Every structure is written in structure tokens, then in C-alpha cells.
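# Per-entry structural report
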Amino acid sequence: MLILGIESSCDETAASVVRDGHEILSSIISSQIDSHRPFGGVVPELASREHLEKIEFVIERALTDAAVKLEDIGGIAVTQGPGLIGSLLVGVCYAKSLAFARDIPLVGVNHIEGHVYSVVFENPPIQYPAMALIVSGGHTNLFWIPEEGQYKVVSRTRDDAAGEAFDKVAKMLGLGYPGGPIIENLAAQGDPRAVKFTKAKISDGRPDFSFSGLKTAVSRYVRENEIVPMRNGDKPSKVIADLAASFQQAVVAALVGTMEKQAAELQPKTLIVAGGVACNQSLRQHATRAAERLGVPVYFPSKHLSTDNAAMIAAAGAHRLKFGEAAAANISADITMRLQNLENEDEALRKSRVRYKL
Ligand code: KG4
Ligand code: ZN
């Protein structure tokens, strides 16, 4: 079956045609990074306006590149949430209209579940139970996935997402936007042992992540050592490269350390590391070494599938459509949509929000 995936949750307008849930026939991504760069981050109003301008073209291109017609499409999968409300609405409304007008089954997909499915194209099939570390600009979660489609949050960030920390530290050092790839390049010239950052401690003992303390520690280090942020055209100084390398090392150690500890306890058959931050080579290397120690395979998406795309949304939607799930005609964007349908202690307190419905 052919699925048309549509993604517009943040600053990428994307559409993709995927066959049988794991073969990409086309994947078109229109990135807005250049529009947001002068502001040092995503401007929501600008983002929704650009989605509106691009969505029709992006979908048409995805169909043309896949050499298929709308009549060939067996289902439409659209990102329903979480994300920016104006951005999500563009994709959801377009998908809903298209599905209704052409009588095509529609399914709303959780963006984070999409990132989990980004590994299905280039790796052997996922063996369950699996564990997935999803690290992006908006999310940092470690999921336990006992079987396909079942999610329990093992660890979540208490404050900033890992990608957000990269972006904020890059801004602090005058490095530009988005921060992740720039810090990674700079870190290659620096010494990761130059600055010692202490690991964040969570007072209630849960295995959660926290990156805002690390960001504050970087800011204090900059102030105390009178480091001058870089300006356009500056050659990066040794001290900034060292700081970038030490910061990256602290983030990677926190992510991989928690994943390894939880995996040793829960014993998954597959590890998944995905989301924009999974582009980071140091994260990949450390996660690979941890997986070797655990004796478990780890799957990563290639770089173009790590950051936001619609192929992963189509893949996640294919699974849901296969099991007969279909969105109601009144489907709308859900900015706080959560990916957890198995309860844990934390969730028991919020029973009413445990299941996400489409
Ligand atoms: O998954 P994504 O495209 O969008 C969200 O769903 O948030 O992730 C974007 C994030 C940004 O914060 C960006 O700085 C980060 O991924 N990122 C990286 C790298 N490439 C992108 N972080 C660390 N190292 C990288 N190489
Ligand atoms: Zn994402």
C-alpha cells in the first residue's frame, strides 16, 4: 500500500510517498532554516505562513517524484502533534481536506512516534521489546516499546530538550543557528576534557534528563573566563572550541549513560537512537559502544532521516492504518500530544491524559 506522509509541525514542510511502510518512493523537504536564521530560532508566525505557501507544491512534488497519482494513494498520514499550533494546523487541514475530497483513509501521527519509525528504512526489522532514545530540538525522551505501537516513557527531560541546549549554547557563544551541527564541527577541534561539567542530579531519583543546568554552567564559564562570543567571520578560538567539545561531551554522556543503564535493566532486543541530535557523530559513536557492551544492535536513521521529514510520518501512519485506525472527520492539531499508552507511576496521577486518541 502507498502512504502519503505530510509533516509540518515545526520549520520543515515535508511530504513523502512510502510503499508498504518501509520503502521510500519520494521524500521532499522544504526547510525554513534560512528564514529563521536571522532571528536565532524558529518564529512561529513566519513558520505557519511559509508552510501555507509551500505545502501544495511539496505534496505535488512528492507525488511526481514517486511517479504516482493521488488515485494510487491508499492512506494519508499527517503529523497531528506535538508542535507549533499554526504550523501543525496547515498540515492537518490540508491532509483532512485531501482525504475527505478523495475519500482516502486518514490517520493522525504523533511526531515523536514518527522519529521512532525513521529507522525502519535502512535497518533490519525492529525486534521487540525495543528501547528508543528520541533526541531533537523539541523533545528528549527514552521510550520502552514492549511491542509495536506500545510506548512507556522511561526518561524524559525535566526542562530543555538536548537539541534546544545545543541551540541555546551556540547562541550564547555567537555561533549561529541551528546550533547542533555548528557545535559538532567546532567540537572536533577542541578538547572534551578541558571543562568539567557535573552531571545533573534529579532530586526524586527518577532516571530523567536535565539540560538547563548545563546551559547555565556554560553561561557562568563564559562570564567567569571573560570569553567574548564570536562574530561573523571570526576564526574560532581554542577556548571556544574546548568549551563546545566539553559541552557536547556532557550532553552525550548524559544521554548515553541513562540509555545504557536503563537498557541493562530492561534488556531490549533493539536500541533506537533518532531525532535531529542523532546526526551527531559523537552521540552515534558512544551509543554504538554502549550497544556493543550490552550486546544489542542499535539502529540510527541516516542524517536526512534524522531531522524532520515526512517519510517517518508515513511509516508510523502505515502501521496505524494497517490496524484499521482512522481519524475522525473532526481531527485537529494537538500541540501537547503525548506518546505514551502504557501507564507508569507518573501517568497514574494523570489518568485522564494517558491514552492519546485520534
Ligand atoms: O528533529 P529535528 O529536526 O526537529 C525537532 O523535532 O525538534 O531536530 C532539530 C534539532 C536542533 O536543535 C539541532 O540543533 C539539532 O537537532 N541537531 C544537532 C545536530 N544536527 C541537528 N544536534 C547535535 N549535533 C548535530 N550534528
Ligand atoms: Zn522532530
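Scroll up to find the structure.
This structure is a prediction, so every number in the text was calculated from the model and none was measured.

## Observations concerning helix α8 (residues 238-266)
- With 29 residues, α8 should reach 42 Å at 1.5 Å per residue; the first-to-last C-alpha distance of 42 Å fits that figure.
- Taken from the residues just after α8, Gln267 is the one with a positive phi, measuring 55°.

## Focus on the pattern of salt bridges
- Scanning the model with the defined rule gives 16 salt bridges in all.
- Notably, a salt bridge pairs Glu50 with Lys54, separated by 3.4 Å at the nearest N-O pair. Pair noted here: Glu50 and Lys54 are both in helix α2 (residues 44-65), with a separation of four residues, about one helical turn.
- For Glu50, a relative accessible area of 13% translates into the label buried.

## Let's talk about the pairing of strand β2 (residues 12-19)
- The element β2 is largely enclosed, with a buried count of seven among its eight residues.
- By the bridge criterion, six bridges tie strand β1 (residues 2-7) to β2 in an arrangement that is antiparallel. Across the sheet, Ile3 pairs through a bridge with Val18, a residue of β2.
- Connecting the antiparallel pair β1 and β2 is a turn made up of four residues.
- Relative to strand β3 (residues 23-31), β2 runs antiparallel, the two being bridged by eight bridges.

## What about the coordination of the zinc ion (ligand 2)?
- Every protein donor of the zinc ion (ligand 2) is accounted for by His111 (NE2), His115 (NE2) and Asp308 (OD), and the metal-donor separations fall at 2.0 to 2.1 Å.
- Coordination at the zinc ion (ligand 2) is irregular: its four donor atoms span angles of 94 to 140° at the metal.
- Linear spacing of the donor residues for the zinc ion (ligand 2) on their chain is H-x3-H-x192-D. With a gap of four residues between them, His111 and His115 both fall in helix α4 (residues 111-117), about one helical turn apart. Each of the two residues, His111 as well as His115, counts as buried.

## Observations regarding the site of ligand 1
- The local shell around ligand 1 holds 20 residues, among which Gly137, Asp167, Glu184, Gly276 and Asn280 are the closest.
- Contact between ligand 1 and His115: an oxygen atom at 3.4 Å from a side-chain N or O atom of the residue.
- Taking Ser136, its side chain carries an N or O atom lying 3.4 Å from an oxygen atom of ligand 1.
- Out of a free accessible area of 550 Å², ligand 1 has 90% covered by protein chains.
- Contributing elements (two or more residues each) for the shell around ligand 1: α4, α5 (162-172) and α6 (179-187).

## Points about the side chain of Ser155
- Checked against the element boundaries, Ser155 lands in strand β8 (residues 152-156).
- A relative accessible area of 0% places Ser155 in the buried class.
- From its side chain, Ser155 meets the backbone oxygen of Pro207 in a polar contact 2.7 Å long.
- Once residues within four sequence positions are removed from consideration, Ser155 is found in contact with Thr140, Asn141, Leu142, Pro207, Asp208, Phe209, Thr258 and Gln262.

Rules used throughout
Residues numbered from 1 in each chain as written. Chains lettered and ligands numbered in written order. Predicted model: local features only at pLDDT ≥ 70, side-chain atom pairs only at ≥ 80, totals over all residues. Heavy atoms only, no water. Helix = DSSP H or I, 4+ residues; strand = E, 2+ residues; numbered from the N terminus. Expected span 1.5 Å × (residues − 1). Salt bridge = Lys/Arg side-chain N within 4 Å of Asp/Glu carboxyl O. Buried < 20%, exposed > 50% of the residue type's maximum accessible area, 1.4 Å probe, protein only. Pairing = 2+ DSSP bridges. Donors = N, O, S within 2.8 Å, 3.2 Å for Na, K, Ca; no water. Tetrahedral: all angles 85-135°; square planar, octahedral: opposite > 155°, others 65-115°. Near = heavy atom within 4 Å. Polar contact = N/O pair within 3.5 Å; in protein donor to acceptor, adjacent residues only side chain to side chain. Areas by Shrake-Rupley, 256 points an atom, 1.4 Å probe, with all protein chains shown as cover. Contact = heavy atoms within 4.5 Å.

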